[in-house]
There are 2 protein chains.
Amino acid sequence: MADSPRDGIQLAVSTVIFALREHPDTGLSAVWIPLVRRIKEPFLDRWALPGGWVTEPESLADAAARNLLETTGVQPSYLEQLYAFGDVERSTSSRVVSIVYWALVRADQAEQATDGDNVRWFPADHLPELAFDHNVIIEYALWRLRTKVEYSRIAHALLGETFTLTELRNVHEAILRKPLDPANFRRQVEGSLQPTDAVVSGGRHRPPRLYRYNANTELVDNGPLSHEKTGSTRVIS
Amino acid sequence: MADSPRDGIQLAVSTVIFALREHPDTGLSAVWIPLVRRIKEPFLDRWALPGGWVTEPESLADAAARNLLETTGVQPSYLEQLYAFGDVERSTSSRVVSIVYWALVRADQAEQATDGDNVRWFPADHLPELAFDHNVIIEYALWRLRTKVEYSRIAHALLGETFTLTELRNVHEAILRKPLDPANFRRQVEGSLQPTDAVVSGGRHRPPRLYRYNANTELVDNGPLSHEKTGSTRVIS
């Protein structure tokens, strides 16, 4: 075992941020990701995941939240560690190990986050060739998102406290990228939902009812870590 | 964003190694973990997960595999990244971020790995108070192991290529720490198994048949990463 750590490895955090917006081709709700244009080498001018270095007085999750707010201006409603990427050759300059988080942002938050010179939102199925191994990272994050939406109530973090069944189905359809049968979908999710007394306002003849998740529906499957002070998973609102 | 990384954060890897051995109290198969006695501060003389620093020319998984071989002498049959632990106060000396892996070791390998002065195997339910946050890390790794054994064929990495239904049930019972009904268990797993032409040798009247996993049973659920060069998940044999 080496007696002391090497100085040459740099520790970064990056975050894959997901929000739902209308897809330009289909007009349907789709998953979008904000990217940041690199303003220095390596990969000058390429798009990349928002991120930065971990500073000494902050936890990894704090570093991820700070970096994504600084670079994209968005506040996530959900933040979870995805994976640590540490291949030797993943950066062309010095060795960088990136601890990657993924985050969900509500539609109202995402709409406020407009594109800037060096920040742009892309549909997840129309990404450019990114810096480093960031295309691979996003592919993995999308897989994790699709897996988790099947068995946890993470759609909550995209919708807010209450929502109609149609809104919830639209979230699942956007993430899974396929249409779902409304009656089957209702049967699959109704065990995890409870109807509220409220309906959507607007004076329609049969306004749709608003639902919320049962409190006992598991949010995510992080097991012991969900309850630890590590703050690995956060539901900000 | 900070322009450059801080020098004060050290990057380590540690590994939670699981193998099955007889429990001293019950005589049943149980999960055991090898630990290493610390020979320096902080936490001098406390038991800790095997690990060490990441050196520059090796990937994170390579560093994990090297460190666990050097410290415990075992070769894992399965190795997967668990989580990056990076709380500010988790080490009492300098700031250390630990990327933790978990590994499975086959019984025949584990039996060769005898205890030494500074390496000892412990039943997972009889651990001492460990250095750093290693008790929390092991709790999380055990939860991941229990979750994964329910839907993937990781038991393979503890058993070898072929096994009887009783051997497979014993692995699940050891990990889940509860007895399972043999008939129910058989129904649950038989879709993922195929019988071989072989039976257990030894001249019994009705020797039990040997099974193997179907090739199309998912090994683990790492999605795109299973196939990437990151080498995040390894099945060594």
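Computed from a predicted structure; not experimentally measured. (Residues numbered from 1 in each chain as written. Chains lettered and ligands numbered in written order. Predicted model: local features only at pLDDT ≥ 70, side-chain atom pairs only at ≥ 80, totals over all residues. Heavy atoms only, no water.)

**Considerations on the overall build of chain A**
Step number 1: Looking only at helices and strands, one finds six helices and 10 strands in chain A.
Step number 2: Going through the 237 residues of chain A one by one, you find that 55% of them count as buried.
Step number 3: For chain A, contacts bridging at least 24 residues in sequence account for 65% of all contacts bridging at least 6.
Step number 4: Here chain A displays about 11,200 Å² of accessible surface, and carbon together with sulfur accounts for 47% of that area. (Helix = DSSP H or I, 4+ residues; strand = E, 2+ residues; numbered from the N terminus. Buried < 20%, exposed > 50% of the residue type's maximum accessible area, 1.4 Å probe, protein only. Contact = heavy atoms within 4.5 Å. Areas by Shrake-Rupley, 256 points an atom, 1.4 Å probe, with all protein chains shown as cover.)

**Here we look at the packing of aromatic side chains**
Residue and element names in this part refer to chain A.
Step number 1: Overall, the coordinates contain 16 aromatic pairs over all chains when judged by the stated rule.
Step number 2: Three or more aromatic residues link up through ring pairs in this structure, and these residues are Y83, F85, Y140 and W143.
Step number 3: Positioned above the aromatic ring of W121 is the side chain of R21, whose terminal nitrogen or guanidinium carbon lies 4.5 Å from the ring centre. (Phe/Tyr/Trp six-rings, centres within 6.5 Å; stacked < 30°, edge-to-face > 60°. Lys NZ or Arg CZ within 6 Å of the ring centre and 35° of its normal.)

**Looking at the domain arrangement of chain A**
Accessible area lost during the coming together of the parts is what is often quoted as the interface size.
Residues and elements named next belong to chain A.
Step number 1: Looking at chain A, the domain boundaries give domain 1 (9–149) and domain 2 (156–213).
Step number 2: The C-alpha centroid of domain 2 is placed 28 Å from the C-alpha centroid of domain 1.
Step number 3: In this complex, domain 1 contributes 16 residues to the contact, which on the side of domain 2 involves 11 residues.
Step number 4: Across the domain 1 to domain 2 interface the summed buried area is about 1,100 Å²; carbon plus sulfur atoms make up 72%.
Step number 5: Among the residues domain 1 hides against domain 2, the three largest losses belong to L20, R106 and V149. Together they make up 45% of the total.
Step number 6: Put simply, domain 1 and domain 2 have one salt bridge between them.
Step number 7: In this structure, R177 engages D125 in a salt bridge whose closest nitrogen and oxygen atoms are separated by 3.7 Å.
Step number 8: The interface formed by domain 1 and domain 2 includes two residue pairs in polar contact (both at pLDDT 80 or more).
Step number 9: Sorting the residues of the side of domain 1 that touches domain 2 by element identifies strand 1 (9–22), strand 2 (29–37) and helix 3 (134–149) as the ones contributing at least two each.
Step number 10: Considered class by class, the residues forming the side of domain 1 that touches domain 2 number 11 nonpolar, two polar and three charged. (Domains from an automatic or database assignment. Buried area = accessible area lost by both parts, 1.4 Å probe. Salt bridge = Lys/Arg side-chain N within 4 Å of Asp/Glu carboxyl O. Polar contact = N/O pair within 3.5 Å; in protein donor to acceptor, adjacent residues only side chain to side chain. Nonpolar A, V, L, I, M, F, W, Y, C, P; charged D, E, K, R; others polar.)

**Considerations on the pattern of salt bridges**
Step number 1: With the rule as written, the count across this model stands at 18 salt bridges over all chains.
Step number 2: Across the salt bridge formed by E129 of chain A and R46 of chain A, the nearest N and O atoms sit 3.8 Å from each other. Here the residue E129 of chain A occupies a position in the loop between strand 7 (119–123) and helix 3, and R46 of chain A occupies one in the loop between strand 2 and strand 3 (47–48), the gap between them amounting to 83 residues.
Step number 3: Residue R46 of chain A is classed as partly exposed on the basis of its relative accessible area, which comes to 29%.
Step number 4: Across the pair R212 of chain B and E161 of chain B runs a salt bridge whose closest N-O atoms are separated by 3.5 Å. In this pair, R212 of chain B sits in strand 9 (residues 209–213) while E161 of chain B sits in the loop between helix 4 (156–159) and helix 5 (165–176), placing the two residues 51 residues apart along the sequence.
Step number 5: Owing to a relative accessible area of 30%, R212 of chain B belongs among the partly exposed residues under this scheme.
Step number 6: On the basis of relative accessible area, E161 of chain B is assigned to the partly exposed category, the value being 47%.
Step number 7: Among the charged side chains, a salt-bridge network with shared partners connects E58, R66 and E70 of chain A.

**Quick look at the nonpolar core**
Note on soluble globular proteins: their nonpolar side chains tend to be buried together.
Step number 1: In this structure, L11, I99 and W121 of chain A together with L11, I99 and W121 of chain B are the most contacted members of the largest nonpolar core, which totals 48 residues.
Step number 2: Look past the residues within four positions of W121 of chain B in its chain and what remains in contact with it is I17, A19, R21, W32, I33, P34, V74, A110, A113 and D115 of chain B. (Core = buried A, V, L, I, M, F, W, Y, C linked by side-chain atoms within 4.5 Å.)

**Observations concerning the environment of W102 of chain A**
Residues and elements named next belong to chain A.
Step number 1: Mapped onto the elements, W102 comes out in strand 6 (residues 95–104).
Step number 2: C-alpha separation for the pair W102 and Q81, spaced 21 residues apart in sequence, amounts to 6.3 Å.
Step number 3: Non-local contacts of W102, meaning those with residues more than four positions away in its chain, are made with T15, V16, F18, Y78, L79, E80, Q81, L82, R144, L145, K148 and I154.

**A short note on the packing of helix 3 of chain A against helix 5 (residues 165–176) of chain A**
All names here are of chain A.
Step number 1: Viewed as axis vectors pointing N to C, helix 3 and helix 5 meet at an angle of 145 degrees, and their least axial separation amounts to 9 Å. Crossing of helix 3 over helix 5 shows left-handed handedness. On helix 5, the residues touching L145, R146 and V149 of helix 3 are H172, I175 and L176.
Step number 2: Looking at side-chain class alone, the contact of helix 3 with helix 5 contains four nonpolar, one polar and one charged residues. (Axes fitted to C-alpha atoms, helices over the stretch in contact; angles between N-to-C directions. Left-handed = near helix turned anticlockwise from the far one by under 90°.)

**Looking at unusual backbone geometry**
Residues apart from glycine generally show negative phi values, whereas peptide bonds are mostly found in trans.
Residue and element names in this part refer to chain A.
Step number 1: Cis geometry is adopted by the peptide bond preceding P42, which originates at E41 and carries an omega value of -5 degrees.
Step number 2: Mapped onto the secondary structure, P42 falls in the loop between strand 2 and strand 3.
Step number 3: Even without being a glycine, R177 presents a positive backbone phi close to 55 degrees.
Step number 4: Structurally, the position occupied by R177 is in the loop between helix 5 and helix 6 (182–189).

**Quick notes on the confidence of the model for chain A**
Step number 1: Confidence along chain A averages 84 in pLDDT terms, with 87% of residues attaining 70 or more.
Step number 2: Interface confidence for the predicted complex, given as ipTM, is 0.82, next to a pTM of 0.86. (pLDDT = per-residue confidence, 0-100.)

**Remarks on the environment of A64 of chain A**
Step number 1: Among the secondary structure elements, A64 of chain A is positioned in helix 1 (residues 60–72).
Step number 2: On the accessibility criterion, A64 of chain A (0% relative accessible area) is buried.

**Some remarks on the environment of L176 of chain A**
Residue and element names in this part refer to chain A.
Step number 1: Tracing the sequence through the fold places L176 in helix 5.
Step number 2: Looking at L176, the relative accessible area reads 15%, which means it is buried.
Step number 3: Residues L176 and L142, spaced 34 residues apart in sequence, show a C-alpha to C-alpha distance of 9.4 Å.
Step number 4: Leave out the neighbours within four places in its chain, and L176 touches R146, V149 and E150.

**Remarks on the packing of helix 5 of chain A against helix 6 of chain A**
Residues and elements named next belong to chain A.
Step number 1: Contact geometry of helix 5 with helix 6 gives a least axis separation of 11 Å together with a crossing angle of 95 degrees. In terms of orientation, helix 5 lies roughly perpendicular with respect to helix 6. Side by side, helix 5 and helix 6 meet where L165, L168, R169 and H172 of the first sit next to P182, F185, R186 and V189 of the second.
Step number 2: Along the lines of polarity and charge, the residues of the contact of helix 5 with helix 6 split into five nonpolar, one polar and two charged. (Parallel < 35°, antiparallel > 145°, perpendicular 65-115°, else oblique.)

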